[in-house]
Amino acid sequence: MATQGRPPRYRGGYQPLSLANYGATVETPAGGVSYLHMAGYMRRVVRDRPYGVVNDFIASTLGARIGAPVPPIALITDGSSAGSISMGFGEGGRTPPPADASRVAVDDPYLATGIIVLDQWTLNGDRHDENLAYLPRFGLAAFDFDCALIGPKPQTTAVDSLQKGLMMPLPRHILAEHLPTLQWLWGWISKVRAVSAEDIRRCVYLCFDARLITVAERDKLIDFLTLRQRWLGDIMDRGREIFTGIDDWPLLGWGR
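Residues numbered from 1 in each chain as written. Predicted model: local features only at pLDDT ≥ 70, side-chain atom pairs only at ≥ 80, totals over all residues. Heavy atoms only, no water.

A. Inspection of the overall build of the protein at higher detail. Along the backbone of the protein there are 8 helices and 7 strands. In the protein, which comprises 256 residues, the proportion classed as buried is 47%. The long-range share in the protein, meaning contacts at least 24 apart out of those at least 6 apart in sequence, stands at 75%. (Helix = DSSP H or I, 4+ residues; strand = E, 2+ residues; numbered from the N terminus. Buried < 20%, exposed > 50% of the residue type's maximum accessible area, 1.4 Å probe, protein only. Contact = heavy atoms within 4.5 Å.)

B. Region of interest: the state of the cysteines. Going through the model one piece at a time under the given rule, you end up with 0 disulfides. Free of any disulfide, Cys 203 has its nearest neighbouring cysteine sulfur in Cys 207, separated by 7.0 Å. Residue Cys 203 is classed as buried on the basis of its relative accessible area of 4%. (Disulfide = S-S within 2.5 Å.)

C. Summary view of the pattern of salt bridges. The full count for this structure, using the stated rule, is 11 salt bridges. The shortest N-O distance in the salt bridge between Arg 43 and Asp 56 comes to 3.0 Å. Highlighted residues: Arg 43 in strand 3 (residues 40-44) and Asp 56 in helix 1 (residues 52-66), separated in sequence by 13 residues. For the pair Arg 43 and Asp 56, one class covers both residues: buried. The residue Arg 127 makes a salt bridge to Asp 119 at a minimum N-O spacing of 2.9 Å. (Salt bridge = Lys/Arg side-chain N within 4 Å of Asp/Glu carboxyl O.)

D. Molecular detail of unusual backbone geometry. Of note in the backbone geometry, Leu 149 takes a positive phi value of approximately 55° without being a glycine. One can find Leu 149 in the loop between strand 7 (139-142) and helix 4 (158-164). Under the relative-accessibility criterion, Leu 149 is labelled buried at 3%.

E. Region of interest: helix 6 (residues 197-209). The end-to-end C-alpha separation of helix 6 is 18 Å, in line with the 18 Å expected for 13 residues at 1.5 Å each. Of all the positions in helix 6, only Ile 200, Cys 203, Val 204 and Cys 207 are classed as buried. Looking straight down helix 6, one finds that the buried residues subtend no more than 95° of arc, so they occupy a single side. Exposed and oriented more than 90 degrees from the buried face of helix 6 are Ala 197, Arg 202 and Asp 209. Buried residues along helix 6 sit against helix 1, strand 4 (73-77), helix 3 (109-121) and helix 7 (215-230). (Expected span 1.5 Å × (residues − 1). Arc of directions from axis to C-beta.)

F. Looking closely at the nonpolar core. Counting residues in each nonpolar core, the largest one holds 65 residues, and the members touching the most others are Ile 58, Trp 121, Leu 175, Leu 221, Leu 225 and Phe 243. Ranked by residues supplied to this core, first place goes to helix 3 with 8 residues. Discounting residues that sit within four places of it in the chain, Trp 121 has contacts with Leu 62, Ile 66, Val 192, Val 195, Ile 200, Phe 224, Leu 225, Arg 228, Gln 229 and Leu 232. (Core = buried A, V, L, I, M, F, W, Y, C linked by side-chain atoms within 4.5 Å.)

G. Molecular detail of the pairing of strand 7. Burial along strand 7 is two-sided: Gly 139 and Ala 141 and Leu 140 and Ala 142, pointing in opposite directions, are all buried. Pairing of strand 6 (residues 132-135) with strand 7, which is carried by 4 bridges, proceeds in the antiparallel orientation. Residue pairing across strands places Leu 135 opposite Gly 139, the latter belonging to strand 7. (Pairing = 2+ DSSP bridges.)

H. How the structure looks around the side chain of Asn 131. Tracing the sequence through the fold places Asn 131 in the loop between helix 3 and strand 6. With a relative accessible area of 1%, Asn 131 lands in the buried category. Engagement of the side chain of Asn 131 in a polar contact is seen with the backbone nitrogen of His 128, the distance being 3.0 Å. Contacts of Asn 131, omitting those with residues within four sequence positions, involve Asp 126, Ala 141, Ala 142, Phe 143 and Asp 144. (Polar contact = N/O pair within 3.5 Å; in protein donor to acceptor, adjacent residues only side chain to side chain.)

I. Summary view of the environment of His 128. Its place among the elements puts His 128 in the loop between helix 3 and strand 6. On the basis of relative accessibility, which here comes to 28%, the residue His 128 falls in the partly exposed class. Each C-alpha atom, one on His 128 and one on Asp 100, is 9.5 Å from the other, the two residues being 28 residues apart in sequence.

J. Fine view of the environment of Leu 182. With respect to the element layout, Leu 182 can be found in the loop between helix 4 and helix 5 (185-193). Here Leu 182 falls in the buried class, since its relative accessible area comes to 13%. A sequence separation of 72 residues divides Leu 182 from Tyr 110, and the C-alpha atoms of the two residues are 9.0 Å apart. Setting aside residues up to four positions removed in sequence, Leu 182 forms contacts with Phe 243, Ile 246, Asp 248, Trp 249 and Pro 250.

See the structure below:
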């Protein structure tokens, strides 16, 4: 049980809980390196999620940048199409069952707060128990950001969708509903604010270079992330009702 005075336990994000068999040793001057076969998840562009790869890659990359428990992710391309691949996990090669959000929020409010802040920054309204994994021995993982940012399937254009959500707070969040303390909220907001403009620009440009977004979409994504980064405290302030278990709200004026 986490308490108000206990320092947060840092666990290195989304990680494999069980490794496949080691293969042949790689001949290197340093030694100690072997080939390793590991599970991974591949995401492709599909009709119902035309920006799923873009959303997932950018949000996951920025999540890793702030130290949130998200999967390592990379873009892959064959020259004509692109997708993303993230590291698989699961004890003994098995996928963990859906997380109990109420237990996650109480057992590890530090990392739970990080996920809430990341989802708010990237406007990810699709957090639920099946895209959270929690094994007390190993830690917490949040994945599937394909509905963040631009959203699953824009009603008009991606640029319009980003403009509409520019200053919008999340209407609910499954972890915020159970979070018992706001002790680490400002710390996570500060981590978001510390992300450099070049870090934001670089991960968006990788999607552009992979021909997943247009110039207009690229520039709007950068504007969207930069503005929400700057005003994240204010956005969370206006959306504070998602923290249903918190009576004393400390964020007034933080984003101004």
